[in-house]
Amino acid sequence: MANLSVNIGAMSLKNPVMTASGTFGYGLEFADFIDLNELGGFIVKGTTLNPREGNDYPRMAETAGGMLNCVGLQNKGVDYFCEKIYPQLEGLDTNVLVNVSGSTPEDYAECAARIDALPGIPAIELNISCPNVKNGGMAFGVTCEGAAAVVKAVRQAYHKTLIVKLSPNVTNIADIARAVEAEGADSVSLINTLMGMSIDIERRRSRLSIGTGGLSGPCVKPVALRMVWQVAKAVNIPVVGLGGIMNATDAIEFLMAGATAIEIGTANFIDPAITVKVVRGINEWLDAHGCKDVHEIIGALEV
Amino acid sequence: MNMKKYALDLIVAAVETPREGYVLLRLTHDETLPEMLPGQFVEVQVRGSETTFLRRPISINYVDRVNNELWLLVHVVGEGTRAMASLKAGDTLNCVFPLGNGFTVPAGTGKKVLLVGGGVGTAPLLYHGETLRAAGHCPVFLLGGRTEADLMQLEHFRRYGEVLLTTEDGSVGTKGFVTHHPVWEEQQFDLVATCGPKPMMVAVARMAKAKGTECEVSLENLMACGLGACLCCVEKTHEGNVCVCKDGPVFNINQLTWQI
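Thresholds, definitions, all that
- Residues numbered from 1 in each chain as written.
- Chains lettered and ligands numbered in written order.
- Predicted model: local features only at pLDDT ≥ 70, side-chain atom pairs only at ≥ 80, totals over all residues.
- Heavy atoms only, no water.
- Axes fitted to C-alpha atoms, helices over the stretch in contact; angles between N-to-C directions.
- Helix = DSSP H or I, 4+ residues; strand = E, 2+ residues; numbered from the N terminus.
- Parallel < 35°, antiparallel > 145°, perpendicular 65-115°, else oblique.
- Left-handed = near helix turned anticlockwise from the far one by under 90°.
- Contact = heavy atoms within 4.5 Å.
- Nonpolar A, V, L, I, M, F, W, Y, C, P; charged D, E, K, R; others polar.
- Domains from an automatic or database assignment.
- Buried area = accessible area lost by both parts, 1.4 Å probe.
- Salt bridge = Lys/Arg side-chain N within 4 Å of Asp/Glu carboxyl O.
- Polar contact = N/O pair within 3.5 Å; in protein donor to acceptor, adjacent residues only side chain to side chain.
- Core = buried A, V, L, I, M, F, W, Y, C linked by side-chain atoms within 4.5 Å.
- Buried < 20%, exposed > 50% of the residue type's maximum accessible area, 1.4 Å probe, protein only.

### Examining the packing of helix α7 (residues 248-257) of chain A against helix α9 (residues 274-288) of chain A
Residues and elements named next belong to chain A. Remark: α7 packs on α9, axes separated minimally by 8 Å, with the N-to-C direction vectors making an angle of 65 degrees. One way to sum up the angle between α7 and α9 is to call them roughly perpendicular. Crossing geometry of α7 relative to α9 is assigned as right-handed. When α7 is examined against α9, the residues Ala248, Ala251, Ile252, Leu255 and Met256 are found in contact with a partner set consisting of Val278, Gly281, Ile282 and Trp285. Across the contact of α7 with α9, the residue classes break down as 8 nonpolar, 1 polar and no charged.

### Some thoughts on the domain arrangement of chain B
All names here are of chain B. When its domains are assigned, chain B resolves into domain 1 (6-99), domain 2 (103-215) and domain 3 (219-260). Counting from both sides, the interface comprises 7 residues of domain 1 and, opposite them, 8 residues of domain 3. Here domain 1 packs against domain 3, burying approximately 580 Å² in sum over the two surfaces, 68% of which is carbon and sulfur. When the area that domain 1 buries against domain 3 is broken down by residue, the three leading residues are Phe41, Glu43 and Leu99, summing to 54%. For the interface between domain 1 and domain 3, the tally reads 0 salt bridges. For the pair domain 1 and domain 3, the interface holds 1 residue pair in polar contact (both at pLDDT 80 or more). Of all the secondary-structure elements, those providing two or more residues to the side of domain 1 that touches domain 3 are β3 (41-44) and β7 (92-99). Broken down by class, the residue content of the side of domain 1 that touches domain 3 amounts to 5 nonpolar, 1 polar and 1 charged.

### Topic: the nonpolar core
In a soluble, globular protein the nonpolar side chains are often hidden away together inside. Among the nonpolar cores identified, the biggest contains 139 residues, and A:Phe81, A:Ile124, A:Leu126, A:Val164, A:Leu166, A:Leu190 and A:Ile282 are the most heavily contacted of them. For this core, the leading source of residues is helix α5 (residues 198-211) of chain B, giving 7 residues. If you look at the next biggest cluster of nonpolar residues, it comprises 24 residues, including B:Tyr22, B:Trp71, B:Val113 and B:Ala193.

### Thoughts on the environment of A:Asp287
Residues and elements named next belong to chain A. By the secondary structure assignment, Asp287 is in helix α9. Given a relative accessible area of 38%, Asp287 falls into the partly exposed group. Taking the C-alpha atoms as reference points, Asp287 and Met1, 286 residues apart in sequence, are found 6.4 Å from one another. If near-sequence neighbours (up to four positions away) are discounted, Asp287 is found in contact with Met1 and Ala2.

### Regarding the side chain of B:Asn61
Residue and element names in this part refer to chain B. With respect to the helices, strands and loops of the structure, Asn61 is situated in the loop between β4 (56-59) and β5 (62-64). Take Asn61: its relative accessible area is 0%, and that puts it in the buried class. Within polar-contact distance, the side chain of Asn61 engages the backbone oxygen of Ala123 at 2.8 Å.

### Brief notes about the interface of chain B and chain A
Across the boundary between the two partners, chain B contributes 31 residues, which contact 32 residues of chain A. Together, the buried faces of chain B and chain A total about 2600 Å²; carbon and sulfur atoms form 59% of this surface. The three residues of chain B that bury the most area against chain A are B:Phe53, B:Leu231 and B:Cys232, which together make up 25% of that side's buried surface. We note a salt bridge from B:Lys236 to A:Asp56, for which the minimum N-O separation is 2.9 Å. Residue assignment for the side of chain B that touches chain A shows that the elements contributing at least two residues are β1 (6-16), β14 (234-237) and β15 (240-243) of chain B. Across the side of chain B that touches chain A, the residue classes tally to 17 nonpolar, 7 polar and 7 charged.

Structure representation (structure tokens):
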């Protein structure tokens, strides 16, 4: 049994496996299939200051090796999370993170401040990369100035570990990573979904209600891995890697590319117990290769 | 209703072809199959193709407790369902189930329930009919298809109640749609439950409303997770967007914003 524990900012994780926001509900949806306490952490669905209904149906289209979604941050707002959901998660022996989104820097900061007050939430993941909302979301994440403005506002209101989730829909993701690091982010996570489309040729219409959606699943993994590698070289803060991880081998690839921890997203829809299988698989690989600590493989890519 | 969910490798006991273009998968397990309610569904993993990446939601057709079997009646329409149709006895099929909320089984006994199915939408009504009958109610099945070849499992339905048929071409039963059947004028029901194409369910819901009868509909919106996590399969209700997979697939028509 190798040591699997890692640190992201002030947060310590028993292993590097977390879940990606929007693919794991509030965690409780998966409690019949896994022991949530076996995870390094999980990130609950995107939360905004005020409730959001999200986009119209249809919100999903299957693609080769993945799926598109345009959910659009449907959620019942931060107060609902604090009052109704948080009490159900408080006793868990794992890190529960909240993914925070908004339309203005002030929105983000106010939402983050309310979560700052919850002692059982050690970190937030700031979503400046949602491709499916009109205002805010990815609009902030595609320029260094926009990303920096949100992180600056949130950093003043939020005092625990701050992870910033980056969009891959940019010309140079390393520049954005450096911009948020400069404003005091403790970590960056990447990648959010890649913007894509799917067309029903008989109807000559998009399969998604808003025309475009975010692509996820194993089809995006090579792109995600390359971006994690680039960003890990560009910043001094820990990187959380995600994008198409389906098994322990994929997870180890991200760790070797420089990720300190990883998130599992779309794979939860294929196998609701995949997260704990990946934890076990990483451990078995480390044992089989004589590694005593997961840090021996983080950033171990040889070039 | 919060029933424990399972992810199990079920074993294919038999594959039947009740009609061309349809397949009945009879699945079993080494241990006793978990509790399931009529109207709930299964997320089936289809392996072997990158274009069938997500699981396929399939309604529970029947639970044979004597032989420990779960039946799935599948309309073969695409690559995923074709892969299911090519399964052989002895193969395994990974299933996440039971999912969602089922049809209402009324309190008391002796209630008359009209179960209206169209095409493969008849599938969940078999298990629902059995459950209603076992609870002491009187199910009546009104099953519709384009033609006689769309109507299946009639011998099974007849075990639990009267079976009435309609076909668009008149090849069997009353000619026309399910809403054209004289039973709507001849009998009074305490509850209507329907599953099938949306235009059919809208018409059935209108008919039930005109008669002052409560009506439940079973939806099949495109979905990914089946667990209420991804929020892809939403339906508009008077309380906002809700997940068909978790808050449905069965809804009372009064919850929905359909124009009936």
